[in-house]
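The primary structure of each chain is shown beneath.
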Amino acid sequence: TQSTWGHTYQAVTKMSKPEKVIPEKVVGFQITPNTKSYTQKDAIVYALGVGACKDPLDESEFKFGYELAQDFSALPTMAVCFPSFDGLFEAMNACPGMPNFNPMMLLHGEQKLVIKKPLPTSATITNKAVITNVEDKGKGALLSVDITSSDENGQVLCVNTTRTFIRGIGGFGGAKSASVPLPAAPKRPADKSQAYKTEPNQAFLYRLSGDPNPLHVDPNMAAMGGFDRPILHGLCTFGHAGRAILKHFCDNDVNKFKSIEGRFSSHVFPGETLVTEMWVENGKVLFQVKTLERGTICLSNGVAEVEGLTAAPQSRL
């Protein structure tokens, strides 16, 4: 038994592991389905974890933090918490086409979320995952996993696609550019811009939604990762971007939010201000997130789809 991020997993010892990735044994590998439940309290904790309801008089976000609100709703991006990252690692470890690798060499590269139905504020969901692609990036492998989450009645709520880069296992001769590249941000000024200042303890809040990686709260673990202090969860930044898009292009109506994806391009320190810049292009919202204090783009090549998108509104911060 080994440990990762404070959790344990059972090492695969009965299976002979290959020295290199074997694509034909990786693509199509199905991960054992798992079931989890969440409550209204979990929906509120997630909302607080991505910065919602900081202003208790802001009625536009009241419904995300108060279960007795008439239109109480779960933020759409809460769905990224449905899959277990530890479970995905176990699946990668169990896949017969994957060589042994150090979990510290694993980087979350990209995330895509497609909403099929507005998320209930509480539910029991079943996650079914399959490895859909593996790309040879030379120094490593880029693994794509689709996770479909369904409710108690078998209705599909959402599909997450997680793209994970694993350093040190490239050079197996597979495809190097099989995935469709994400669009870059336009050169013109943003149509909309939204600044959200994170709290110094933001990672302590966000981790309550299911990502206990000590890199985000433990200075010693952060130092092992090459950082002088803990960094914010990438999916917390993702959630802040989702809030910005939901506010400016959906009027906080969760029924209009259809999909969001982006690439994690740099780290964020808790306490920094996240600025989401948004453009309307070809019926979609393109976006990127940067830190106000350092000017670093931390979430790039973002694309979101919302219902009823027309012309871009006037830009304002």
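A brief structural summary. Not measured: the values here are computed from a predicted model.

### Comments concerning a nonpolar patch on the surface
Taken together, the side chains of Phe62, Tyr66 and Leu68 present a nonpolar region at the surface, about 310 Å² in accessible area. Tracing the backbone through its elements, the reader meets Phe62 in helix H3 (residues 62-65).

### Overview of the nonpolar core
Counting 51 residues, the largest nonpolar core has Leu119, Ile245 and Phe287 as its most contacted members. No other element matches the 9 residues that helix H7 (residues 234-250) contributes to this core. Grouped together as the second largest cluster of nonpolar side chains are 21 residues, Leu106, Ile131, Ile147 and Ile169 included.

### A few points about the side chain of Ser259
Structurally, Ser259 is set in strand E9 (residues 257-264). Classification of Ser259 as buried rests on a relative accessible area of 5%. Reaching out from Ser259, the side chain makes a polar contact with the side chain of Glu305 at a distance of 3.0 Å. For Ser259, the residues in contact, after removing those within four places along its chain, are Leu113, Val114, Val303, Ala304 and Glu305.

### Section: the pattern of salt bridges
Under the defined criterion, the tally for this structure stands at 11 salt bridges. With a shortest N-O distance of 3.2 Å, Glu135 and Lys137 are connected by a salt bridge. Under the relative-accessibility criterion, Lys137 is labelled partly exposed at 37%. Put simply, Glu272 and Arg294 hold a salt bridge, and the shortest N to O gap is 2.6 Å. On the criterion of sequence distance, the pair formed by Glu272 in the loop between E9 and strand E10 (273-281) and Arg294 in the loop between strand E11 (284-291) and strand E12 (297-306) is long-range, its members being 22 residues apart.

### Some thoughts on the pairing of E9
Among the 8 residues in E9, 6 count as buried, and that is most of the element. As paired elements, strand E4 (residues 106-115) and E9 share 5 bridges and run antiparallel to each other. Looking at E9, one finds that Lys112 is bridged to Glu261. Summarising the sheet, E9 and E12 pair through 6 bridges and their orientation is antiparallel. Its bridge partner being in E12, Phe257 is matched across the sheet by Val306.

Definitions and cut-offs
- Residues numbered from 1 in each chain as written.
- Predicted model: local features only at pLDDT ≥ 70, side-chain atom pairs only at ≥ 80, totals over all residues.
- Heavy atoms only, no water.
- Patch = residues over 30% accessible without salt bridge, like charges linked within 9 Å, V, L, I, M, F, W, Y side chains within 5 Å.
- Areas by Shrake-Rupley, 256 points an atom, 1.4 Å probe, with all protein chains shown as cover.
- Salt bridge = Lys/Arg side-chain N within 4 Å of Asp/Glu carboxyl O.
- Helix = DSSP H or I, 4+ residues; strand = E, 2+ residues; numbered from the N terminus.
- Core = buried A, V, L, I, M, F, W, Y, C linked by side-chain atoms within 4.5 Å.
- Buried < 20%, exposed > 50% of the residue type's maximum accessible area, 1.4 Å probe, protein only.
- Polar contact = N/O pair within 3.5 Å; in protein donor to acceptor, adjacent residues only side chain to side chain.
- Contact = heavy atoms within 4.5 Å.
- Pairing = 2+ DSSP bridges.

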